Amino acid sequence: MSLSPYDSYRPPEEPRRTRRRKNRTPGGGAFRRGGGDGSREVAMVPEPEFTSYYGRPIVKAPPWDSKIAAYLFLGGLAGGSSVLALGGHLTGRDVLRRNGRLGALGAAGLGTIALVADLGRPERFLHMMRTFKPTSPMSLGSWLLAVFATNAGVAAAVEVDRMTGERLPLGPLRPVLRVMETPTSVGAGVLGAPLAAYTAVLLGDTSVPTWHEMHGHLPFVFVSSASLASGGLALLTTPVAETGPARVFAVAGVAGELAAMRVMKRAMDPVAAEPLEQGRPGTWLEWSERLSIAGGLGALLGGRRRWVAAASGAALMASSALTRFGVFWAGKESVKDPKYTVVPQRNRLNKRRAQGITDDSITTVA
Amino acid sequence: MTPTSAFADDTHWDHPHPRRGFFTDTSICIGCKACEVACKEWNRNPVDSDYEILGSSYDNTGGLGADTWRHVAFIEQTQDRIEEARESGRALVNLGMPRVGPPQAASTPAAGGCACGSAAPADDAAGSGCACAGPSSATTAPAAGGCGSTGGCGCSSGGAGGASAGTGEDGSPVLDTPDFRWLMSSDVCKHCTHAGCLDVCPTGALFRTEFGTVVVQEDICNGCGTCVAGCPFGVIERRDDGLVEPKTQRGAAPMPDTVKVPQDGIAQKCTLCYDRMKEDQTPACAQACPTTSIKYGERETMLESAQQRVAQLHEQGRTEARLYGANPKDGVGGTGSIFLLLDEPEVYGLPPDPRVPTADLPRMYKRAGMAVAGMLALGVAAFAAGDRA
């Protein structure tokens, strides 16, 4: 563009390089679309058209790191284990009960430490208990975890006392503890399931595009994942004579997770589902599926052999951890590129407009 | 004026105070960043990071965050983009988008040379409101010249000029920036009617003030970070680092840590200068704005002036103008900070169809309940079938 009449003597300038490029994705270079030198695959699906502000993110990812992803796994493991512990308690499977209770308390304890460590102000973690707020999954979850851990703690204390031959210096508290065994075991068992499921609501109730798109189906994925992880822990730690129910629990969890994951991906906006299939999260989820199938088959076919059961259990636990890490990091990835925010939102806006709903847009002309 | 009953019902907010808000008219923003500076100084926000040139026009701030509560966006556009923006704005009209209020009769444009003043609401036309009276008075400028080329005039709007100067021979509006424009927009927290951050805060640190704004209580927040993901606009953020070290005499004793690291580790965002509002003062950014691009007042008043302004711009043929956040039926129930934009929201880094995530919470709880029931049923079934397995 000229600045003064004298500029007309200048030779013509190169056209401006447009700063706001369409289809801008991190890492997407000149070779992205055309296959370039032939070393890359040509994208068969055209990239969606969208504009953004210098390719910068629109929504922000929560400042959570792998500690929270670990908690997603540990919370599920704790919840599922307490369900198995309750079943073991009620059906007289003593080792399953003991391992379930200890596993539940251990996982819940580690998970709580991870949660507190992830706070910006860890010394204020008790502020979570200031209010009870149904609109906040984090608030509900904090209460849930607190009540669950209390119940699981008492049940596990009974177990420790029994293991040490009643040598804990409990004094007059021992009869009380014994009376509390069944109620707390039931409490932890019943609260175990919501503990495994609420984290799905916690992720779904965000503006992180991939997480929010998953909100309708993620609870099913997470409870299935929790079932197979806790079943896996039981297979790993408990003699095969008592793990019959755990095998059923784990195998059903594998089937549930495979189904729920597929249904969930199909229900999502295709663009928002991309991070689940790309990059490291995509690889993790792929391996999670492989491991869960392997572990499930192992438990189903060879679950009566100790070492097959143990290997299957380890595979199932690893699978569950990979599922949580994959889902967690896919969401974090989806925030980095504005595409995942803009395109699904544009799609839903256009869909509503096509249906004749034009009165609910944030953009108006008067 | 009392808050509209819909707002009060939706937010369980029953104060006698009127709801306050901003109207940011980006068509008269000159990109001076006085709002950014005033905000930083008043709220004593730390520096964001090392100083760096981001390569995005004059924007080296990047975006809103824990330490930046006002952010001026700079967008350079060529003719095809201007046409596209104008077309998308026209499409909005053709959609039969709702008129939030009755269209106000626009005041007749002043005949003066001020390109923008005539289009600004009457109370701004005099005084500092005229931001665009640059040397480029519409048709007299050479075709290649224009607003964007004259260094001092950052007129993002160009303006249609006065009644006489703004029309070509065939009567159609002639813009003084036919082939280039510079969009500038000061972004800020939206103070939503349905605030995602407020809904998901587990500690109650975030609260709705008597002015209808959303503010963090610094001594309550434990930095869990849920609100960061809850915001559909990416406004609130956890303050993880950054030091404020106020200027002192050379050789003076260092400032105490409480001054140097204000509220480390907690979520931070625009408070709409809650402290100033309580004293009946204008928020720092609005007070510092030299062009009245940032207006502050009762939200109803802001809405009215926003509607007047957009009607005026459309009358001048500038169909790219549109409001953002003025619709109480949108995904966040309307925002306390209303914007007048000159292109699609995503061009400015704003989401095109934001929706408060908690709107889907009942469905999520229902689905989670089903999943819980399924898991417990599976547990029962597993032990029933376990002996045979």
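What you see is a predicted model, and the numbers here were worked out from it, not measured in a lab.

Caption draft 1: Region of the structure containing the overall build of chain B. When helices and strands are counted, chain B shows 11 helices and 10 strands. Per-residue burial over chain B gives 56% buried out of 389 residues. Across chain B, every contact between residues at least 6 apart in sequence was considered, and the portion connecting residues at least 24 apart equals 69%.

Caption draft 2: View of the overall build of chain A. Tallying secondary structure elements over chain A gives 11 helices and one strand in all. Listing each helix as α and each strand as β along chain A from the N terminus yields α-α-α-α-α-α-α-α-α-α-α-β. Looking at chain A as a whole, 54% of its 366 residues are labelled buried. Restricting the contact set of chain A to residue pairs at least 6 apart, pairs at least 24 apart contribute 77%.

Caption draft 3: Region of the structure containing the sheet that holds strand β1 (residues 20-25) of chain B. One open sheet accounts for five strands, arranged β1(A)-β9(B)-β10(B)-β1(B)-β8(B); its pairing is mixed. Edge strands, defined here as strands with exactly one partner in the open sheet, are β1 (363-364) of chain A together with β8 (294-298) of chain B. As judged from the two bridges shared by β1 of chain A and strand β9 (residues 322-324) of chain B, these two strands associate in the antiparallel manner. Directly across from Thr-364 of chain A, in β9 of chain B, lies its bridge partner Leu-323 of chain B.

Caption draft 4: Just helix α1 (residues 66-91) of chain A, in detail. Relative to the 38 Å expected for 26 residues at 1.5 Å per residue, α1 of chain A spans 37 Å between its end C-alpha atoms, a close match to the ideal helical length. Trailing α1 of chain A by a residue or two, Gly-92 of chain A shows a phi angle of about 75 degrees, which is positive.

Caption draft 5: Spotlight on the nonpolar core. Ranked by size, the top nonpolar core spans 187 residues in total, and within it Ala-152, Ala-197 and Val-223 of chain A together with Cys-197 of chain B carry the most contacts. At 13 residues, α1 of chain A tops the list of elements feeding residues into this core. Looking at which domains feed residues into this core, each of domain 1 (5-192 + 270-355) and domain 2 (363-389) of chain B supplies at least three. In contact with Val-223 of chain A, not counting residues within four places along its chain, are Ala-193, Ala-196 and Ala-197 of chain A together with Ala-371, Val-372, Gly-374 and Met-375 of chain B.

Caption draft 6: Quick peek at the interface of chain B and chain A. Contact with chain B, which involves 89 residues of that partner, is made by 81 residues of chain A. Contributions of two or more residues to the side of chain B that touches chain A are made by β2 (70-78), α3 (79-94), α5 (196-200), α6 (226-230), β6 (237-238), α10 (299-315), β9 and α11 (361-385) of chain B. Per element, the largest residue contribution to the side of chain B that touches chain A is 16 residues, and it comes from α11 of chain B. Of the residues that constitute the side of chain B that touches chain A, the class distribution is 46 nonpolar, 27 polar and 16 charged.

Caption draft 7: Representation of the confidence of the model for chain B. Residues and elements named next belong to chain B. With 70% of its residues at a pLDDT of at least 70, chain B reaches an overall mean of 79. Contacts for the low-pLDDT stretch residues 100-166, under 50 throughout, to residues beyond four places or in other chains number 153 contacts. Per the prediction output, this complex has pTM 0.83; the corresponding ipTM is 0.87.

Caption draft 8: Up close: the confidence of the model for chain A. In this model, chain A carries an average pLDDT of 90, and 88% of its residues clear a pLDDT of 70 or more. Taken as a whole, residues 17-36 of chain A scores under 50 in pLDDT and shows 24 contacts with residues more than four places along the chain or in a different chain.

Caption draft 9: Highlighting the packing of helix α9 (residues 279-302) of chain A against helix α10 (residues 306-336) of chain A. Residues and elements named next belong to chain A. For the pair α9 and α10, the least separation of the axes is 7 Å and the interaxial angle reads 155 degrees. When the interaxial angle is binned, α9 and α10 end up roughly antiparallel. Seen from above, α9 lies across α10 with left-handed handedness. Per-class residue counts for the contact of α9 with α10 are 17 nonpolar, 10 polar and two charged.

Caption draft 10: How the structure looks around unusual backbone geometry. Even without being glycine, Glu-166 of chain A reaches a positive phi, approximately 55 degrees. Mapped onto the elements, Glu-166 of chain A comes out in the loop between α3 (137-163) and α4 (173-204). Taking the number of C-beta atoms within 10 Å as the measure of exposure, Glu-166 of chain A has 10 and is therefore exposed. Here the phi dihedral of Asp-280 of chain B falls at roughly 65 degrees; this positive angle occurs in a residue that is not glycine. If you trace the backbone, Asp-280 of chain B turns up in the loop between α8 (274-278) and α9 (284-288).

Caption draft 11: Quick peek at the packing of α1 of chain A against helix α6 (residues 218-237) of chain A. Residue and element names in this part refer to chain A. Running from amino to carboxyl end, α1 crosses α6 at an angle of 65 degrees, the nearest separation of the two axes being 7 Å. Put simply, α1 runs roughly perpendicular to α6. For the pair α1 and α6, the crossing hand works out as right-handed. Contact with α1, carried on its side by Phe-73, Gly-76, Leu-77, Gly-79, Gly-80, Ser-81, Val-83 and Leu-84, involves Phe-222, Ser-225, Ala-226, Ser-227, Ala-229, Ser-230, Leu-233 and Ala-234 of α6 and no other residues of that element.

Caption draft 12: Broad picture of the UniProt feature "transmembrane region" (unreviewed entry) in chain A. Residues and elements named next belong to chain A. According to UniProt, the feature "transmembrane region" (unreviewed entry) maps to residues 68-90, 102-120 and 140-158 in the numbering used here. Taken end to end, residues 68-90 is 100% helix and 0% strand, and its first and last C-alpha atoms sit 33 Å apart. Secondary structure within residues 102-120 divides into 89% helix and 0% strand; the distance between the first and last C-alpha atoms comes to 30 Å.

Caption draft 13: A look at the pairing of β1 of chain B. Residues and elements named next belong to chain B. Burial runs high along β1: six of the six residues are buried. By the alternation rule, side chains of β1 split into Arg-20, Phe-22 and Thr-24 and Gly-21, Phe-23 and Asp-25, which are all buried. With five bridges connecting them, β1 and β8 associate as antiparallel partners. Bridging across to β8, Arg-20 finds its partner in Glu-298. One ladder, built from four bridges, connects β1 with strand β10 (residues 337-341); its direction is parallel. From the neighbouring strand, Phe-22 faces β10, where its bridge partner is Ser-337.

Caption draft 14: Here's a closer look at the environment of Glu-213 of chain A. All names here are of chain A. Relative to the helices and strands, Glu-213 is located in helix α5 (residues 209-213). As for Glu-213 and Ala-330, which are separated by 117 residues in sequence, their C-alpha atoms are 12 Å apart. Contacts of Glu-213, omitting those with residues within four sequence positions, involve Met-268, Asp-269, Ala-272, Ala-273 and Pro-344.

Caption draft 15: Quick peek at the environment of Asp-94 of chain A. With respect to the helices and strands, the residue Asp-94 of chain A is situated in helix α2 (residues 94-118). A C-alpha to C-alpha distance of 9.9 Å links Asp-94 of chain A and Glu-159 of chain A, two positions 65 residues apart in sequence.

Conventions and cut-offs
Residues numbered from 1 in each chain as written. Chains lettered and ligands numbered in written order. Predicted model: local features only at pLDDT ≥ 70, side-chain atom pairs only at ≥ 80, totals over all residues. Helix = DSSP H or I, 4+ residues; strand = E, 2+ residues; numbered from the N terminus. Buried ≥ 20, exposed ≤ 12 C-beta atoms within 10 Å, placed from the backbone. Contact = placed C-beta atoms within 7 Å. Pairing = 2+ DSSP bridges. Expected span 1.5 Å × (residues − 1). Core = buried A, V, L, I, M, F, W, Y, C linked by C-beta atoms within 7 Å. Domains from an automatic or database assignment. Nonpolar A, V, L, I, M, F, W, Y, C, P; charged D, E, K, R; others polar. pLDDT = per-residue confidence, 0-100. Axes fitted to C-alpha atoms, helices over the stretch in contact; angles between N-to-C directions. Parallel < 35°, antiparallel > 145°, perpendicular 65-115°, else oblique. Left-handed = near helix turned anticlockwise from the far one by under 90°. UniProt positions renumbered as here; feature names shortened; annotations may be inferred.

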